[in-house]
Amino acid sequence: MEGTYWDRVETIQRDGLKKLQLKRLNKTFERAKKSRFYRDRLPETINSLDALKDIPFTTKSDLRSSFPNGMLSVPQEEIIRLHSSSGTTGRATVIYHTRSDIDSWADLVARSMYMTGVRKSDVFQNMMGYGLFTGGLGLHYGSERLGALTIPASSGNSIRQIRLMKEFNSTVIHITPSYALHLYILFQEECIDPVSDLHLRIAFLGAEPYSEETRKRIESLYGLDAFNSYGLSEMNGPGVAFECPVKEGMHVWEDSYILEVVDPETGDLLSDGEEGEIVLTTLKREGMPVIRYRTGDIASVFPGECPCGRTHRRISRIKGRTDDMLIIKGVNLYPMQIEKILMDIPEVGNNYLIEIEKIDYLDSINIKVEVRPEIFHGDIIELENLKKRIVEDLKNEILIHPRITLVEPNSLPRSEGKAVRVVDNRSK
Amino acid sequence: MASQVTVFVENKPGRIARITRILGNNNINIRAITISDMGEYGLINILTNDPDSASDVLSKEGFSVSRKYVIGVIMKDRPGGLADIAEYLNKSTINISNAYGFILKEGDKAVLILEVDDFDRAEEVIRKGGFHTLTEGELHNI
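Conventions adopted
- Residues numbered from 1 in each chain as written.
- Chains lettered and ligands numbered in written order.
- Predicted model: local features only at pLDDT ≥ 70, side-chain atom pairs only at ≥ 80, totals over all residues.
- Heavy atoms only, no water.
- Helix = DSSP H or I, 4+ residues; strand = E, 2+ residues; numbered from the N terminus.
- Rg over C-alpha atoms; globule rule 2.2 N^0.38 Å.
- Buried < 20%, exposed > 50% of the residue type's maximum accessible area, 1.4 Å probe, protein only.
- Contact = heavy atoms within 4.5 Å.
- Domains from an automatic or database assignment.
- Buried area = accessible area lost by both parts, 1.4 Å probe.
- Salt bridge = Lys/Arg side-chain N within 4 Å of Asp/Glu carboxyl O.
- Polar contact = N/O pair within 3.5 Å; in protein donor to acceptor, adjacent residues only side chain to side chain.
- Pairing = 2+ DSSP bridges.
- Axes fitted to C-alpha atoms, helices over the stretch in contact; angles between N-to-C directions.
- Nonpolar A, V, L, I, M, F, W, Y, C, P; charged D, E, K, R; others polar.

### So, the overall build of chain A
Here is step 1: On a plain count of helices and strands, chain A comes out with 10 helices and 21 strands.
Here is step 2: In terms of overall dimensions, chain A is globule-like: its C-alpha atoms have a radius of gyration of 23 Å, near the 22 Å expected for 428 residues.
Here is step 3: Taken over the C-alpha atoms alone, chain A extends approximately 75 × 60 × 45 Å along its principal axes.
Here is step 4: Expressed as a percentage of the 428 residues in chain A, the buried residues total 56%.
Here is step 5: The long-range fraction of contacts in chain A, counting pairs at least 24 apart against all pairs at least 6 apart in sequence, stands at 66%.

Structure representation (C-alpha cells):
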C-alpha cells in the first residue's frame, strides 16, 4: 500500500531530528577538514548545535577563490559528477559529487516529488535545461528514483514539448513559470485546451521568483496543482526545500541541511518568523561539504507545525537577494558578468545600459549602447558589425542572447557615484 | 571636393524636425536629404551649402556627425541622363555605395550625388569621362 510519506524521517520528532543533525554535522566537519579550505576553519567536533553560530560563514566568493578544487574533501577519483555555475573564467563556481552524493540528492528529490503526489504511474516531462545547470538533471534523477516514466525533454522547442505532452499523456511537468505562461500562448494558437485536451495534474515551478498570483494563473490555465520549490547548486540544486500539498511554505529537508536565518548586515541569528538571509549547511555531502553557506536569498521561517505532519521547518517564498544577482530565464547571472564583457569592447566602453524586460512572458535582455562621435564614421556596416560583435561575445561567454539597441550620444542616464547600469523592468 | 554630413539618429518622432530646424536657425540651406533606415536607428545624409558649419552646429547640439566626401556629377536633365553615367561607371568598375540626385533650379541640369568606395580613383575616372564634378564652392553657390 502506498503511504503518505516517502521516508520516515519526514515526521521525525524535533529532538530526534536535532540529535541526528548534530551527529551528521560532526561527521561533516570530519570530512570537510580534509579540504584545503576548511582544514583550519573548523573544530574537530562540537557538542551542541548552538555552537554552530561561532563557525565562520562560507560565501560565494570563498567558493570562487577555492576554484577549482580547494573545497574537495575526497580524492578526485571518488567524484563522479560536477556542476558549475555559468560564470566567466575565474568567476565560476564548481560543486563536486561522489556516487553517494548523487544518490542522496536523487532521494531528496524523489521525496519532494512524492510529497506533492507524484507516483510510479505518472509520466514526468522534465522541461528544464539539462547540463551544468542543476534544474534538469536534479529532477531527472529524482523522478527515476521515484519510478515515474521520465521524459528528458529539456528546455526549449515548444512545438515538440506540446507533442510530447499529447503523445505520452504527460501528467507531471517541471517548468519555469514564465515558460509555462509563454507556452500557453502556443496552446491557444494550436487550438489545444490544456485543461480538457491534456492529462497534466502536477507542475513544479522553479528556477525563478514568481508570485502567488502567477501560481494561481498557471494552475487554472493548465488545470493542475503547481508546487513551489527551492534549491541552489551549492546545496546540490533542486530538492533543498519543497512545498507539500498544504502549500504554505516549503519544507527544508533538515535531515540533510541545517537551516539558519541570519541578519544580512550583522550575521546574527534571527528567530523563526523574522525575515533574513538563508544560511545552509550540508549534512550528507561527501565530495564537497559546504558549511554555513550564505545563500544571498532573503526569506523567513514559518513558525509552528504544518498540518501535513512533517516536522521539517518551512521557509517562505524567496523575497529578494542580498546582492544584485539577476535570474534570467532561470539562470543566475551577476550584472558584473555582462559589464565585464561590454567594457572589454572599446567601442562600448562605459556607455551602455542593460535593460531586462518580459516579452511574451519570457525574459529578454536589451543592451543600449551610445553611438558616440568617436566611434561614428557614418558607416552602417560598421555599426551593424559592432552589434553582431556584442551579441557574439555575450553569447560565447555567458550564454545570453541580448538584443542590442544603438542610441544617440548622451541619451543614457548619467548618474553620480555608482552608475545604474541595469534596469529591471520585469514586474515580480 | 563636395561633402555631406551624416548624422546618427534614433528612430523616434521629431528627430528630422530637430535636425533641420537646427540647420535652418543657423542659416544653412539643405540641397538634398536622404535617410538610411535600419529600424531602431537610421543615418541621415544631408547635403548643404555649408557642410563645415552643418557639421559644427549639429555636433554642438550633441549629435554624432560624420563628414563624408561625395562626388557631385552634373548631368543633363533628360531621359537616359543618369543611365549614361551609371553605364560609364560600371564599365570603369567603380562601385557605388549610395546615390541620390536633385534637379537644379535653373536650366536643364541635374546633380547626381555618389558615395563611392574608392573616392580618388572614382573622381579621376569621372573627370576623364568628360563629366563635370562639383567643387565645394560650386555646391555652395547652386
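### Examining the domain arrangement of chain A
All names here are of chain A.
Here is step 1: As assigned here, chain A comprises domain 1 (8–323) and domain 2 (334–424).
Here is step 2: Domain 1 and domain 2 are separated by 33 Å when their C-alpha centres are compared.
Here is step 3: Across the boundary between the two partners, domain 1 contributes 15 residues, which contact 10 residues of domain 2.
Here is step 4: Taken over both partners, the interface formed by domain 1 and domain 2 buries close to 1,100 Å², and the fraction arising from carbon and sulfur atoms is 57%.
Here is step 5: Counting every contact that joins domain 1 to domain 2 gives zero salt bridges.
Here is step 6: Counting every contact that joins domain 1 to domain 2 gives two residue pairs in polar contact (both at pLDDT 80 or more).
Here is step 7: Sorting the residues of the side of domain 1 that touches domain 2 by element identifies α2 (60–65) and α6 (177–189) as the ones contributing at least two each.
Here is step 8: Looking at which element gives the most residues to the side of domain 1 that touches domain 2, the answer is α6, with five residues.

### A few points about the pattern of salt bridges
All names here are of chain A.
Here is step 1: In this structure the tally under the stated criterion is 44 salt bridges over all chains.
Here is step 2: Here R292 and E260 are joined by a salt bridge, their closest N and O atoms 3.0 Å apart. In this pair, R292 is assigned in the loop between β11 (276–282) and β12 (293–299) and E260 in strand β10 (residues 257–262), connecting sequence segments 32 residues apart.
Here is step 3: The partner of D363 in a salt bridge is R426, with the nearest N and O atoms 3.1 Å apart. Taken together, the residues D363 in strand β19 (residues 362–370) and R426 in the segment after β21 (422–424) connect sequence positions 63 residues apart. Neither residue differs from the other here; D363 and R426 are each classed as buried.
Here is step 4: A network of salt bridges, in which partner residues are shared, links E212, R215, K216, E243 and R317.

### Here we look at the sheet that holds strand β5 (residues 172–175) of chain A
Residue and element names in this part refer to chain A.
Here is step 1: Spatially, the nine strands line up as an open sheet ordered β4-β3-β5-β6-β7-β8-β9-β14-β13, and their pairing is mixed. Looking at which strands have only one partner, the edges of the open sheet turn out to be β4 (149–151) and β13 (301–302).
Here is step 2: In terms of strand pairing, strand β7 (residues 225–232) meets strand β8 (residues 237–243) through three bridges, oriented antiparallel. Bridged to Y230 within β8 is A241.
Here is step 3: Running over the sheet, helix α8 (residues 212–222) touches β6 (202–205), β7 and β8 and is turned about 135° from β7.

### Considerations on the domain arrangement of chain B
Residue and element names in this part refer to chain B.
Here is step 1: Once the domains are mapped, chain B shows domain 1 (2–68) and domain 2 (69–141).
Here is step 2: Relative to domain 2, the C-alpha centre of domain 1 lies at a distance of 22 Å.
Here is step 3: On the side of domain 2, 11 residues touch domain 1, which itself brings 13 residues to the contact.
Here is step 4: Interface area for domain 1 against domain 2, summed over the two sides, is near 1,300 Å², with a carbon-plus-sulfur share of 53%.
Here is step 5: Our count for the domain 1 to domain 2 interface comes out at one salt bridge.
Here is step 6: A salt bridge links E115 to K68; its shortest N-O distance comes to 3.2 Å.
Here is step 7: Linking domain 1 to domain 2 there are four residue pairs in polar contact (both at pLDDT 80 or more).
Here is step 8: In terms of residue class, the side of domain 1 that touches domain 2 is built from four nonpolar, six polar and three charged.

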